[in-house]
Amino acid sequence: MAKKKTEQNAEETVNEPVEQTEAEAAQPTELEKATALADDYKRKWYAVSAEYDNYRKRNAAAVSKAYADGAAEAILKLLPVADNFGYALSSASDEKTRSGIDKVIKSFLNILSSLGIEEIEVEAGAPFDESVMEAVLNFPCGEGEASNTVKQVLKKGYKAKDGKVIRYAQVAVTVEQ
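The paragraphs below set out a description of the structure included in this document. (Residues numbered from 1 in each chain as written. Predicted model: local features only at pLDDT ≥ 70, side-chain atom pairs only at ≥ 80, totals over all residues. Heavy atoms only, no water.)

## What to know about the overall build of the chain
Stage number 1. Within the chain one finds four helices and six strands.
Stage number 2. Overall, the chain shows an N-to-C arrangement of helices and strands of α-α-α-α-β-β-β-β-β-β.
Stage number 3. The burial tally for the chain puts 17% of its 177 residues in the buried class.
Stage number 4. By sequence separation, contacts in the chain at least 24 residues apart represent 61% of the contacts at least 6 residues apart.
Stage number 5. Summing over all exposed atoms, the chain offers an accessible surface of approximately 13800 Å²; the carbon and sulfur share of this is 55%. (Helix = DSSP H or I, 4+ residues; strand = E, 2+ residues; numbered from the N terminus. Buried < 20%, exposed > 50% of the residue type's maximum accessible area, 1.4 Å probe, protein only. Contact = heavy atoms within 4.5 Å. Areas by Shrake-Rupley, 256 points an atom, 1.4 Å probe, with all protein chains shown as cover.)

Have a look at this one:
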């Protein structure tokens, strides 16, 4: 009989509703704690993922800029060779020599073009443009000449297709006296 009473007491204990105090009810359950923790980890993961994506983009841009700057520096060092071929072309006396030098110059310009470098178009009589030209000599204005115009092109200028000047065109400019 004692066994039956113990079983009945156990059943009554199980069937009785468990009353919680207000303090216990206000505390989060294990599931709520785990969900909050998972949400926090998810938010942190998104933040780290976005920061890494931004890092990759910044790094790619820096590498691209460094490559372009290095290429521009190397081209800048080769431009005097093109200038010398131009001087040789203007001083060559026979046609075969002129033809050979002209082929070398065209080949060099094709290589520059393939690298995205183009010649800055400057002609005598054009207005002076400080964004692509460098005035290295001043000449007084002659009869009918306007001030601040290109009198002579001394060295050709070159720029990248994005507009960045590799070497400014060196020109002689007319000035008023």
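## What about helix α4 (residues 95–114)?
Stage number 1. Taking 1.5 Å per residue as the helical rise, α4 with its 20 residues ought to reach 28 Å, and the 28 Å between its terminal C-alpha atoms agrees with that figure.
Stage number 2. Where α4 is concerned, the buried positions are I101, I105, F108 and L112. Projected down its long axis, α4 carries its buried residues within an arc of 60°, all on one side. Opposite the packed face of α4, turned more than 90 degrees from it, sit the exposed residues E95, K96, K103, N110 and S114.
Stage number 3. The elements touched by buried residues of α4 are α3 (30–91), β1 (117–120) and β4 (157–160).
Stage number 4. Near the N-terminus of α4, the side chain that reaches the backbone nitrogen of K96, with its oxygen 3.4 Å away, is that of D94.
Stage number 5. Downstream of α4 by a residue or two, G116 has a phi angle that is positive, lying close to 85°. (Expected span 1.5 Å × (residues − 1). Arc of directions from axis to C-beta. Polar contact = N/O pair within 3.5 Å; in protein donor to acceptor, adjacent residues only side chain to side chain.)

## Digging into the sheet that holds β4
Through backbone hydrogen bonds, the strands of a sheet pair up, either in parallel or in antiparallel fashion.
Stage number 1. Read from one edge to the other, the open sheet built from three strands follows the order β1-β4-β5, with strand pairing classed as antiparallel. The open sheet has two edge strands, β1 and β5 (165–167), and neither has a second partner. The average angle at which neighbouring strand axes cross in this sheet is 35°, direction not considered.
Stage number 2. Where β4 and β5 come together, two bridges link them in antiparallel fashion. Across the sheet, Y158 pairs through a bridge with R167, a residue of β5. (Pairing = 2+ DSSP bridges. Axes fitted to C-alpha atoms, helices over the stretch in contact; angles between N-to-C directions.)

## Thoughts on the pairing of β4
Stage number 1. Pairing geometry for β1 and β4, over four bridges, is antiparallel. Bridge pairing links I117 to A160 in β4.
Stage number 2. The antiparallel hairpin formed by β4 and β5 contains four residues in its connecting segment, where G163 sits at a positive phi of about 100°.

## Considerations on the nonpolar core
Stage number 1. Ranked by size, the top nonpolar core spans 10 residues in total: A72, I75, L79, A82, F108, L112, I117, Y158, A160 and I166.
Stage number 2. Going through the elements one at a time, α3, α4 and β4 are the ones with two or more residues in this core.
Stage number 3. For this core, the element with the highest residue contribution is α3, accounting for four residues.
Stage number 4. Those residues in contact with L79 that lie beyond four places of it in its chain are F108, L112, Y158, I166 and R167.
Stage number 5. Core analysis: the next-biggest nonpolar cluster, separate from the first, contains nine residues, I120, V132, V171 and V173 among them. (Core = buried A, V, L, I, M, F, W, Y, C linked by side-chain atoms within 4.5 Å.)

## What to know about the pattern of salt bridges
Stage number 1. In this structure the tally under the stated criterion is 12 salt bridges.
Stage number 2. For D40, the salt bridge goes to R43, with nearest N and O atoms at 2.5 Å. Within this pair, D40 and its partner R43 are both found in helix α3, separated by three residues, close to a single helical turn.
Stage number 3. Taking relative accessible area as the criterion, R43 reaches 52% and is therefore assigned exposed.
Stage number 4. In this structure, the salt-bridge partner of D102 is K106, at a minimum N-O distance of 3.5 Å. You can see D102 and its partner K106 sitting in helix α4, four residues apart, about one turn around the helix.
Stage number 5. Among the ionic contacts, a cluster of salt bridges with common partners joins D40, R43 and K44. (Salt bridge = Lys/Arg side-chain N within 4 Å of Asp/Glu carboxyl O.)

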